[in-house]
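# Structural characterization, general
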Amino acid sequence: MKKILLLLTTFLILSCQPATLSKVPDEEIISALKESSVELQDAILEKNDEVFNKYVDKNINFSTGDSNLSKFYNMNLAKLNEEQKATWNSFELYDINVDLSPNSETAILTFYARGNYTVEQGEPINYSTRGSSVWVLTKNGWKIMHSSWAPLEGGIGIPK
């Protein structure tokens with residue numbers, strides 16, 4: 001009887017323990033976030049609502065500050081689809097670094113960007129900035145919360 005009681009007690013204790021979630025390795029999270037940040041930036045430049053919505057949660061404000069050092073604003077579909085002064089000829093994010101929080105549910109990305117754009121029919125303007133973004137893990141995947149851009153030393157941001 002003692003053995004049955006011991007077995008039953010052990011079973012009850014184990015069944016009340018929270019299930020361990022299978023954790024995605026940090027290397028996979030980092031790789032996916034690098035790809036996601038590039039995909040999101042391409043969606044912004046191409047005004048691709050579908051891809052934009054993949055990384056922006058309508059219940060989480062996505063605040064950003066452009067490389068022209070203007071005031072921060074909320075990035076949303078309306079802002080995404082506003083007419084822009086610049087026409088991008090090329091744009092590339094590079095040297096993306098990802099730092100994860102201890103529970104791997106928040107990430108800070110730092111990166112650089114280069115390319116060039118034209119305004120109206122003007123000459124191409126070389127673009128060189130540095131940026132950072134904050135991403136959070138939600139029940140719907142990784143979503144961006146914030147980004148900030150600034151001209152890289154000696155670089156030029158976007159027009160106001």
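Because the structure is a prediction, the values reported are computed rather than measured.

### Observations concerning the confidence of the model for the protein chain
Averaged over the protein chain, the pLDDT score is 88; the fraction of residues at 70 or greater is 86%. Segment residues 5–21 is flagged for pLDDT under 50; beyond a separation of four residues in sequence, or across chains, it makes 0 contacts in the model.

### Some thoughts on the pairing of strand S5 (residues 125–138)
Examined bridge by bridge, strand S4 (residues 106–119) and S5 share 12 bridges and lie antiparallel to one another. Pairing of Thr110 across the sheet is with Ser132, part of S5. As defined by bridge partners, S5 adjoins strand S6 (residues 141–151) across 10 bridges and the pair is classed as antiparallel. Opposite Gly131, over in S6, you have Trp149 as the bridge partner. Between S5 and S6, which pair antiparallel in sequence order, lie 2 residues.

### Side note on the sheet that holds S4
Sheet architecture is open: 6 strands sit in the order S2-S1-S6-S5-S4-S3, paired in mixed fashion. The sheet terminates laterally at strand S2 (73–74) and strand S3 (86–100), the two strands that pair on one side only. Pairing between strand S1 (residues 63–65) and S6: 3 bridges, direction parallel. Its bridge partner lying in S6, Ser63 is registered against His146. Along the sheet, helix H2 (residues 26–46) contacts S3, S4, S5 and S6; its crossing angle with S3, the most-contacted strand, is approximately 160 degrees.

### Some words on the side chain of Asn68
Tracing the chain through its elements places Asn68 in the loop between S1 and S2. You can call Asn68 buried: its relative accessible area is 13%. Other than its neighbours up to four places away in sequence, Asn68 contacts Ile158, Pro159 and Lys160.

### Regarding unusual backbone geometry
Glycine aside, residues mostly have negative phi angles, and peptide bonds mostly take the trans form. Of note in the backbone geometry, Lys47 takes a positive phi value of approximately 55 degrees without being a glycine. Turning to its location among the elements, Lys47 is positioned in the loop between H2 and helix H3 (49–55). Classification of Lys47 as partly exposed rests on a relative accessible area of 30%. Within the chain, Asp95 stands out as a residue other than glycine whose phi angle is a positive 50 degrees. You can see Asp95 is positioned in strand S3. Looking at Asp95, the relative accessible area reads 55%, which means it is exposed.

### Details of the packing of aromatic side chains
The geometry of an aromatic ring pair is captured by the separation of the ring centres together with the interplanar angle, meaning the angle of the planes. One pass over the full model with this rule turns up 9 aromatic pairs. Look at Trp88 and Tyr127: their rings are 4.8 Å apart centre to centre, the planes differ by 85 degrees, and that puts the pair in the edge-to-face class. You can see Trp88 sitting in strand S3 and its partner Tyr127 sitting in strand S5, a full 39 residues away along the chain. For Trp88, a relative accessible area of 25% gives the class partly exposed. Note that Lys79 overlies the ring of Tyr73, its terminal NZ or CZ placed 4.6 Å from the centroid.

### Comments concerning the pattern of salt bridges
For the structure on display, the rule yields 4 salt bridges. The partner of Lys79 in a salt bridge is Glu82, with the nearest N and O atoms 3.4 Å apart. Judged by its relative accessible area of 28%, Lys79 is partly exposed. Its salt-bridge partner being Glu92, residue Arg114 comes within 2.7 Å of it at the nearest N-O pair. Note that Arg114 is positioned in strand S4 and Glu92 in strand S3, a separation of 22 residues in sequence. By relative accessible area, which is 36% here, Glu92 ends up partly exposed.

Procedures and definitions
- Residues numbered from 1 in each chain as written.
- Predicted model: local features only at pLDDT ≥ 70, side-chain atom pairs only at ≥ 80, totals over all residues.
- Heavy atoms only, no water.
- pLDDT = per-residue confidence, 0-100.
- Contact = heavy atoms within 4.5 Å.
- Pairing = 2+ DSSP bridges.
- Helix = DSSP H or I, 4+ residues; strand = E, 2+ residues; numbered from the N terminus.
- Axes fitted to C-alpha atoms, helices over the stretch in contact; angles between N-to-C directions.
- Buried < 20%, exposed > 50% of the residue type's maximum accessible area, 1.4 Å probe, protein only.
- Phe/Tyr/Trp six-rings, centres within 6.5 Å; stacked < 30°, edge-to-face > 60°.
- Lys NZ or Arg CZ within 6 Å of the ring centre and 35° of its normal.
- Salt bridge = Lys/Arg side-chain N within 4 Å of Asp/Glu carboxyl O.

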